[in-house]
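So the chains spell out like this:
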Amino acid sequence: MNIHEAKRPVLIFGQGIHQGHAENEARGLVELLQVPVCLTWGCADLLPESNPLRIGTFGTHGTRAANFAVQNADFLLCIGTRLDTKATGTPAKWFAREAHIVMVDIDQAEIDKMAQVGVKVEGVCMDARTYLNNEYALQAQIQCANTDHETEENEIPSEWLEKCQDWKRRYPAVPAEYEKEEVVNPY
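Residues numbered from 1 in each chain as written. Predicted model: local features only at pLDDT ≥ 70, side-chain atom pairs only at ≥ 80, totals over all residues. Heavy atoms only, no water.

**Q** So what's going on with the nonpolar core? Residues and values would help.
**A** Of all hydrophobic cores here, the largest spans 29 residues; its most connected members are L11, F13, I17 and I79. Listing elements by their share of this core, those giving two or more residues are β1 (9-13), α2 (23-33), β2 (37-39), β4 (75-79), β5 (100-105) and α6 (128-133). Residue contributions to this core peak at four residues, all from α2. (Core = buried A, V, L, I, M, F, W, Y, C linked by side-chain atoms within 4.5 Å. Buried < 20%, exposed > 50% of the residue type's maximum accessible area, 1.4 Å probe, protein only. Helix = DSSP H or I, 4+ residues; strand = E, 2+ residues; numbered from the N terminus.)

Take a look at the structure:
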């Protein structure tokens, strides 16, 4: 499966984007694909909150909207994240249980550990920048040669993006009533 065969794809970016100095490449991929993006805590600053494709951070320190997006995805392209238990939750075998997961990480041990915790991934052992600049590796996952959208089969369903954006609106990280308080609210 690749991202354009998916009905509910999500891009996930982690700290490896920063460590690999691949911020521009990651943002370029977001613009190219126009799919929902969820971020680990280590990469939360990659896209501004105002970006409509940025659903939020996910995992135990994440937002409800981003967690809903990840858990309901049918395809995850995870670049530069080791998908630790703060991201997957426990037991990890329940993480994105209906998704085909492609995990790009520089450390093969991080990829291999996923099988040990019951998560099936298609692993690509490569640093984030090399992967994002490696046309062959990236094409195998995104199949984006047809960027002029001559056929509808390569288009991401707009209903999925709208659903993720709806979750983001309905479940903000800081609800409006907390922003208006005079004292600091820890939530």
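**Q** Hey, could you go over the packing of aromatic side chains for me, with residue numbers and the actual values?
**A** Tallied over the entire structure, the rule returns four aromatic pairs. Their ring planes at 80° and their centres at 5.4 Å tell us that F68 and Y171 sit as a pair that is edge-to-face. Of this pair, F68 sits in helix α3 (residues 64-72) while Y171 is found in the loop between α8 (158-170) and α9 (176-179), placing the two residues 103 residues apart along the sequence. Accessibility expressed as a relative area gives 27% for F68, which makes it partly exposed. Here the aromatic cluster, defined as three or more aromatic residues joined through ring pairs, consists of F68, W160, W167 and Y171. (Phe/Tyr/Trp six-rings, centres within 6.5 Å; stacked < 30°, edge-to-face > 60°.)

**Q** Residues and numbers for the side chain of D105, please.
**A** Positionally, D105 belongs in strand β5. The buried charged residue D105 lacks any salt bridge, with K113 as its nearest oppositely charged partner at 7.1 Å. In this structure D105 touches T81, R82, E110, I111, V124, C125 and M126, once residues within four positions along its chain are discounted. (Lys, Arg positive; Asp, Glu negative; His and termini not counted. Salt bridge = Lys/Arg side-chain N within 4 Å of Asp/Glu carboxyl O. Contact = heavy atoms within 4.5 Å.)

**Q** I'd like a description of the sheet that holds β2, backed by residues and values.
**A** Strand pairs in the sheet, formed through backbone hydrogen bonds, run parallel or antiparallel to each other. Strand order across the open sheet formed by six strands is β3-β2-β1-β4-β5-β6, with parallel pairing between neighbours. Of all the strands in the sheet, the pair left with one neighbour each is β3 (54-57) and β6 (122-125). Recorded for the sheet is a direction-independent mean angle of 15° between the axes of neighbouring strands. Bridge analysis of β1 against β4 gives five bridges, and the strand direction is parallel. Residue pairing in the sheet places F13 in a bridge with I79 of β4. Against the sheet, α2 touches β1, β2 and β4, its axis set at about 170° to β1. Those strands touched by helix α5 (residues 108-116) are β5 and β6, and its axis lies near 155° from that of β5. (Pairing = 2+ DSSP bridges. Axes fitted to C-alpha atoms, helices over the stretch in contact; angles between N-to-C directions.)

**Q** Got a sec to walk through the pairing of β4? Specific residues and values, please.
**A** Within β4, five of the five residues are buried, which leaves it mostly tucked inside the rest of the structure. Taken together, the five bridges between β4 and β5 define a ladder with parallel strand orientation. Residue pairing for β5: F75 is matched across the bridge by H100.

**Q** Quick rundown of the environment of M114? Include the residues and the values.
**A** Tracing the backbone through its elements, the reader meets M114 in helix α5. Taking the C-alpha atoms as reference points, M114 and A92, 22 residues apart in sequence, are found 8.4 Å from one another.

**Q** Give me the lowdown on the packing of α3 against α8, citing residues and values where you can.
**A** At a minimum axis separation of 8 Å, α3 and α8 run at an interaxial angle of 150°. For the element pair α3 / α8, the angle class is roughly antiparallel. Remark: the crossing between α3 and α8 carries right-handed chirality. On the side of α3, the interface is formed by A65, F68, A69 and N72, while α8 contributes W160, C164, W167 and K168. (Parallel < 35°, antiparallel > 145°, perpendicular 65-115°, else oblique. Left-handed = near helix turned anticlockwise from the far one by under 90°.)

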